[in-house]
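# Summary of structural features
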Number of protein chains: 2
Amino acid sequence: MNPKKFYGKLEPEKVILWGFLMLIMSGTLLLWISNYSYKPLTFIDSLFTATSAVCVTGLVVVDTASDLTFYSKSIVAVLIQLGGLGVMTAFTFLFILRGARVSLQQRYYLSNSLGLESVSGVIRLLGHIVKMTLAIELFGTLLLFGKLIDYYEPLSALGHATFQSVSAFCNAGFSTFPGNMMPFSKDIYLTSVIMILIVLGGIGFVPLTEIVGVEKRGKRLSPYCKMVLIMTVMLIVLGCIFLFLSEHCRSNQQISVFQGFWDALFQSVSARTAGFNTVDIGKVSPLGSFILILLMIVGASPGSTGGGMKTTTLGVLLLSLYSEILQREDVVFFGRRVPYSVLRKAVSLAIVYVMTIFLSSFIMGFMEPYSFREILFEVTSALGTVGLSTGITPKLSTGSKLLLILLMFWGRVGLIIFFYGIARKEEKGRVTYADVNVPIG
Amino acid sequence: MNPKKFYGKLEPEKVILWGFLMLIMSGTLLLWISNYSYKPLTFIDSLFTATSAVCVTGLVVVDTASDLTFYSKSIVAVLIQLGGLGVMTAFTFLFILRGARVSLQQRYYLSNSLGLESVSGVIRLLGHIVKMTLAIELFGTLLLFGKLIDYYEPLSALGHATFQSVSAFCNAGFSTFPGNMMPFSKDIYLTSVIMILIVLGGIGFVPLTEIVGVEKRGKRLSPYCKMVLIMTVMLIVLGCIFLFLSEHCRSNQQISVFQGFWDALFQSVSARTAGFNTVDIGKVSPLGSFILILLMIVGASPGSTGGGMKTTTLGVLLLSLYSEILQREDVVFFGRRVPYSVLRKAVSLAIVYVMTIFLSSFIMGFMEPYSFREILFEVTSALGTVGLSTGITPKLSTGSKLLLILLMFWGRVGLIIFFYGIARKEEKGRVTYADVNVPIG
Ligand SMILES: [K+]
Ligand SMILES: [K+]
């Protein structure tokens, strides 16, 4: 059966949209009930927490460690897990089936190797994703448990380890520790495990399976996979350098150079969508906040548990600049040409992204008394589903909370559907146009 | 004679680069001498003022109204005039001769109609530009003089009118009034004339002659000209609305609604590169500063006396988004296709622009005690050759002043040469590449 026809009937965009909405609604209700006898949540706070969990954001209006019951925490963990899996699955389906218009070959390679043209194939892909996720999370739990046992009772340590492992791989940023990861900022082992889980979750399902597959088959990595790896390393390194300079060299010289570097590295890894913090974000310098905002805007890689504008978007834009400087006719990446349509998609996404941030900050600026920097930080964090905050989230008005809920949903589910889901109109009898010359600069 | 050969020998990039450098050097020396017996300028302040004048920026380290002698003011006016003419001429030459690779037809149309393949043709083009500039400035001077006579002695009024007219059309933002245009913020007539001069100067020589030519020949406007007009109107209107909302509705309700609207309109027109101000920029709200920064980044149109990333750059990027949303195969504008190379140039310029702002702000943040917002504002203003400031310019360290000097030069002369001047390598035996599919978003 033709996969296009098959999924045309299924209408995956609607399935994805309603799936996420239903997950959020159920989560809202369950959280409200499970916390009712302990510290009752308002409806908006339940909705906010459920959205934040399903959209793997990590912005909190109630303290996860102290305000939620054990059941509520478990519900949050399950919502994170389902949300993270949902995001990876949804993107992978849409990428393979709809997005890959420019590369039919690659699409059929992927869809055939996974057998997506039948229901069993769909279930098999889901199975692949679930298995990989659970394997990594289990491994992460064991690694974390081995150290957390020094700090907590065994059962409590297991609970913490599981929650943190799921939250880190899903780039959710929720933490059951009071003050997020701040109590463990000096624990090199724990922070390292968390960072590795964040990076693995942020690379995306397709490159992750490719990297594993390469070792098996001895094949070469695809250009897409190479780009994801290069951008990930580059962003972590640059983010770390700039944060080290702004936070350690300029502001805070009371801590050791190594600790300053380590904090910068952790925040660089975490800011691009995970949202854990080992330092108090409210005390970061204005220069540091600006760097964090830029990292939050870029975000993780496509088809991952991370949000943001995506590493590949920035990669394509930078590549375009590189070819322009070299005066190349084509934008070339590892012997492959980046087509017009891909550059255009990158440009469009970047503009939509920046415009959303601007308009939302503007609207929120009218509703809140906080500084523009705090508001910009909050909006960027919600849209990039990062979850870092200067601390104003719980104090926001209902209107602003609603705005953040919409931003989280749009940043997580909306953008995927918007840029991959909207069915392309068939081009009938393509018109050709004369080129126009517009001076730039 | 083949124009390419003719200009290949002339090497216009070097002529432009050295021309601007020599103009700045002479200006520095002359200003230093002419002000020596009154209030001696330091070398760096002379250099800063000369660069600011030649690059038609308007950032000031000394008060134009009170710290400069009559001769110094005249030198500034001449530098502005030569700088403004130089920028228009330089861009127009490069655009016609080098930039228009994608549209040979248009290039030959322009170069032939102006007869640029001979020395007399070059002089004729220069003549066109000079005549148009002087005509508009003379007209502006008369209009301003008619009102300024109410406030000043006739001779003094004439001096003020001439200076302001030149400064406004050249988008220089220098003013001989204490506090720039603030004393006349309520004078609808004077502010209107200034706004019209700013807009005419910011549209660019090619569209300006085209608009005049259309009336004569009854021809239709070119797509490039249409884009410039649409973007100019759109930016002025949107900037005005957002500034009105942020400044009048949110912050300052002591003044009348009309005055609030008028101030917003003036700052919207002025922020995109002119740099005049009728309100105290240091007292603008953080939200308003952010809007001004965005307007300063966009700037005026190519080949105009204005700087910034340019309206056409934003236009092409927005057009690209529009076509993506409509799922069109091509990026189409008034029946013409925007080619890959133009989109790529727009993307490259935008990235270079944003990266320059980020890195410069970062460096300046290390040298100065001022808030990040003030520094970002200063850097954006210098790079966009706007000249608005929160008031910190005179108090900056020598290092920061040097940085701003470099930014003004790069924003004015560098970017034009960088994006139009670098001789394109001839493509020998073009290699074709397979397309790569990179997921975006
Ligand atoms: K997150
Ligand atoms: K200016």
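A quick note: this is a predicted structure, and the numbers were derived from the prediction, not measured.

Turning our attention to the overall build of chain A. Secondary structure summary: chain A contains 17 helices and three strands in total. Looking at chain A residue by residue over its 441 residues, the buried ones come to 62%. Sequence-distant contacts in chain A: of pairs separated by 6 or more residues, those separated by 24 or more amount to 71%. With an accessible surface of roughly 17300 Å², chain A has 69% of that area assigned to carbon and sulfur atoms.

All names here are of chain B. In this structure, Ser381 sits in helix α16 (residues 372–383). Take Ser381: its relative accessible area is 0%, and that puts it in the buried class. Beyond its immediate chain neighbours, meaning those up to four positions away, Ser381 contacts Thr57, Leu59, Met296, Val386, Gly387 and Leu388.

This next bit is on the coordination of the potassium ion (ligand 1). All names here are of chain A. Within the protein, the atoms that donate to the potassium ion (ligand 1) are Val56 (O), Thr57 (O), Asn171 (O), Thr273 (O), Ala274 (O), Thr385 (O) and Val386 (O), at distances of 2.5 to 2.9 Å. Look at where the donors of the potassium ion (ligand 1) fall in the sequence and you get V-T-x113-N-x101-T-A-x110-T-V. Here Thr385 lies in the loop between α16 (372–383) and α17 (398–421) and Asn171 lies in the loop between α8 (154–169) and α9 (188–203), a separation of 214 residues in the sequence.

Let us look at the pattern of salt bridges. Using the criterion set out here, one finds ten salt bridges over all chains in the structure. Here Glu324 of chain A ties to Arg344 of chain B by a salt bridge, and the two come within 3.1 Å at their closest N and O atoms. Taken together, the positions of Glu324 of chain A in helix α14 (residues 311–325) and Arg344 of chain B in helix α15 (residues 340–367) put the pair across two chains. The buried category is assigned to Arg344 of chain B, whose relative accessible area is 3%. What you see here is one network of salt bridges that share partners, running through Glu324 of chain A together with Arg344 and Lys345 of chain B.

All names here are of chain B. Around the potassium ion (ligand 2), the protein contributes the donor atoms Val56 (O), Thr57 (O), Asn171 (O), Thr273 (O), Ala274 (O), Thr385 (O) and Val386 (O), which lie 2.5 to 2.9 Å from the metal centre. Written as a sequence motif, the donor residues of the potassium ion (ligand 2) are V-T-x113-N-x101-T-A-x110-T-V. Highlighted residues: Thr57 in the loop between α3 (43–54) and α4 (64–67) and Val386 in the loop between α16 and α17 (398–421), separated in sequence by 329 residues.

Residue and element names in this part refer to chain A. Remark: α14 packs on helix α15 (residues 340–367), axes separated minimally by 9 Å, with the N-to-C direction vectors making an angle of 120 degrees. The hand of the α14/α15 crossing is left-handed. The residues of α15 that touch α14, namely those facing Thr313, Val316, Leu317 and Ser320, are Val342, Leu343, Ala346, Val347, Leu349 and Ala350. Split into classes, the residues belonging to the contact of α14 with α15 amount to eight nonpolar, two polar and no charged.

This part covers the UniProt feature "transmembrane region" (unreviewed entry) in chain A. UniProt's entry tags residues 15–34, 41–62, 74–97, 188–212, 224–245, 284–301, 346–367 and 402–423 of chain A with the feature "transmembrane region" (unreviewed entry), counted in the numbering of this structure. Between the C-alpha atoms that bound residues 346–367 of chain A there is a distance of 32 Å. The span itself is 100% helix and 0% strand.

Residue and element names in this part refer to chain B. Spanning 15 residues, helix α14 (residues 311–325) covers 21 Å between terminal C-alpha atoms, matching the ideal 21 Å at 1.5 Å per step. Taken residue by residue, α14 has Thr311, Thr312, Thr313, Leu314, Gly315, Val316, Leu317, Leu319, Ser320, Leu321, Ser323 and Glu324 as its buried positions. Looking one or two residues past α14, Gln327 carries a phi angle of roughly 60 degrees, positive in sign.

Turning next to the packing of aromatic side chains. Applying the stated criterion across every chain, the model contains 24 aromatic pairs over all chains. Aromatic pair Phe70 of chain A and Tyr71 of chain A: ring centres 6.0 Å apart, planes at 70 degrees, arrangement edge-to-face. For Tyr71 of chain A, a relative accessible area of 60% corresponds to the exposed category. Aromatic side chains Phe372 of chain A and Phe290 of chain B sit 4.7 Å apart centroid to centroid with 45 degrees between the ring planes, which places their arrangement in the tilted category. Of this pair, Phe372 of chain A sits in helix α16 while Phe290 of chain B sits in helix α13 (residues 286–298), on two different chains.

Position of Phe242 of chain A among the secondary structure elements: in helix α11 (residues 223–251). Along the sequence, Phe242 of chain A and Leu287 of chain A sit 45 residues apart, while their C-alpha atoms lie 9.3 Å from each other. Ignoring anything within four residues of it in the chain, the contact list for Phe242 of chain A reads Ile291 of chain A together with Phe358, Leu359 and Phe362 of chain B.

Residues and elements named next belong to chain B. The geometry of α13 relative to α16 is characterised by a closest axis approach of 9 Å and an angle of 20 degrees between their N-to-C directions. The orientation of α13 relative to α16 falls into the category roughly parallel. Taken as a pair, α13 and α16 cross one another with a handedness that is left-handed. Together, Pro286, Ser289, Leu292, Ile293, Met296 and Ile297 of α13 and Arg373, Leu376, Phe377, Thr380 and Ser381 of α16 make up the contact between the two elements.

This part covers the side chain of Asp67 of chain B. Looking at where Asp67 of chain B falls in the secondary structure, it is placed in helix α4. Residue contacts for Asp67 of chain B: discarding those within four places in its chain leaves Asn35, Tyr38, Lys39 and Val62 of chain B.

The next point concerns the confidence of the model for chain A. Residues and elements named next belong to chain A. Here chain A shows a mean pLDDT of 80. Residues at 70 or above account for 82%. When mean pLDDT is taken per element in chain A, helix α3 (residues 43–54) scores highest with 91 and helix α6 (residues 104–114) scores lowest with 46. Under a pLDDT of 50 for its full length, residues 99–109 has, in the predicted model, 22 contacts with residues more than four places off or in other chains.

A word on a nonpolar patch on the surface. All names here are of chain A. A cluster of nonpolar residues, Val233, Met234, Val237, Leu238 and Ile241, forms a patch on the protein surface that exposes about 400 Å² of accessible area. Here Val233 shows up in helix α11. Exposure remark for Val233: the relative accessible area of 52% places this residue in the exposed category.

Residue and element names in this part refer to chain B. Under the 1.5 Å per step criterion, the end-to-end length of helix α8 (residues 154–169) is 22 Å for 16 residues, consistent within 8% with the ideal 22 Å. Considered for burial, the residues of α8 that qualify are Ala157, His160, Ala161, Phe163, Gln164, Ser165, Val166, Ser167, Ala168 and Phe169. Directly after α8, the chain includes Asn171, whose backbone phi takes a positive value near 55 degrees.

At Asn171 of chain A, a position not held by glycine, the phi torsion is positive, near 55 degrees. The residue Lys310 of chain B is not glycine, and still its phi comes out positive at about 90 degrees. Within the secondary structure, Lys310 of chain B is located in the loop between α13 and α14.

With that settled, the discussion passes to the environment of Leu158 of chain B. Within the secondary structure, Leu158 of chain B is located in helix α8. When the C-alpha positions of Leu158 of chain B and Thr141 of chain B are compared, they lie 7.6 Å apart, and in sequence the two are 17 residues distant.

Further remarks concern the environment of Leu79 of chain A. All names here are of chain A. Residue placement: Leu79 occurs in helix α5 (residues 70–99). Of the residues examined, Leu79 reaches a relative accessible area of 5% and is grouped as buried. With 27 residues separating them in the primary sequence, Leu79 and Ser52 have C-alpha atoms 9.2 Å apart. With residues up to four places along the chain from it excluded, the contact list for Leu79 reads Leu23, Gly27, Leu31, Ala50, Ala53 and Val54.

Each value, and the rule that gives it
Residues numbered from 1 in each chain as written. Chains lettered and ligands numbered in written order. Predicted model: local features only at pLDDT ≥ 70, side-chain atom pairs only at ≥ 80, totals over all residues. Heavy atoms only, no water. Helix = DSSP H or I, 4+ residues; strand = E, 2+ residues; numbered from the N terminus. Buried < 20%, exposed > 50% of the residue type's maximum accessible area, 1.4 Å probe, protein only. Contact = heavy atoms within 4.5 Å. Areas by Shrake-Rupley, 256 points an atom, 1.4 Å probe, with all protein chains shown as cover. Donors = N, O, S within 2.8 Å, 3.2 Å for Na, K, Ca; no water. Salt bridge = Lys/Arg side-chain N within 4 Å of Asp/Glu carboxyl O. Axes fitted to C-alpha atoms, helices over the stretch in contact; angles between N-to-C directions. Left-handed = near helix turned anticlockwise from the far one by under 90°. Nonpolar A, V, L, I, M, F, W, Y, C, P; charged D, E, K, R; others polar. UniProt positions renumbered as here; feature names shortened; annotations may be inferred. Expected span 1.5 Å × (residues − 1). Phe/Tyr/Trp six-rings, centres within 6.5 Å; stacked < 30°, edge-to-face > 60°. Parallel < 35°, antiparallel > 145°, perpendicular 65-115°, else oblique. pLDDT = per-residue confidence, 0-100. Patch = residues over 30% accessible without salt bridge, like charges linked within 9 Å, V, L, I, M, F, W, Y side chains within 5 Å.

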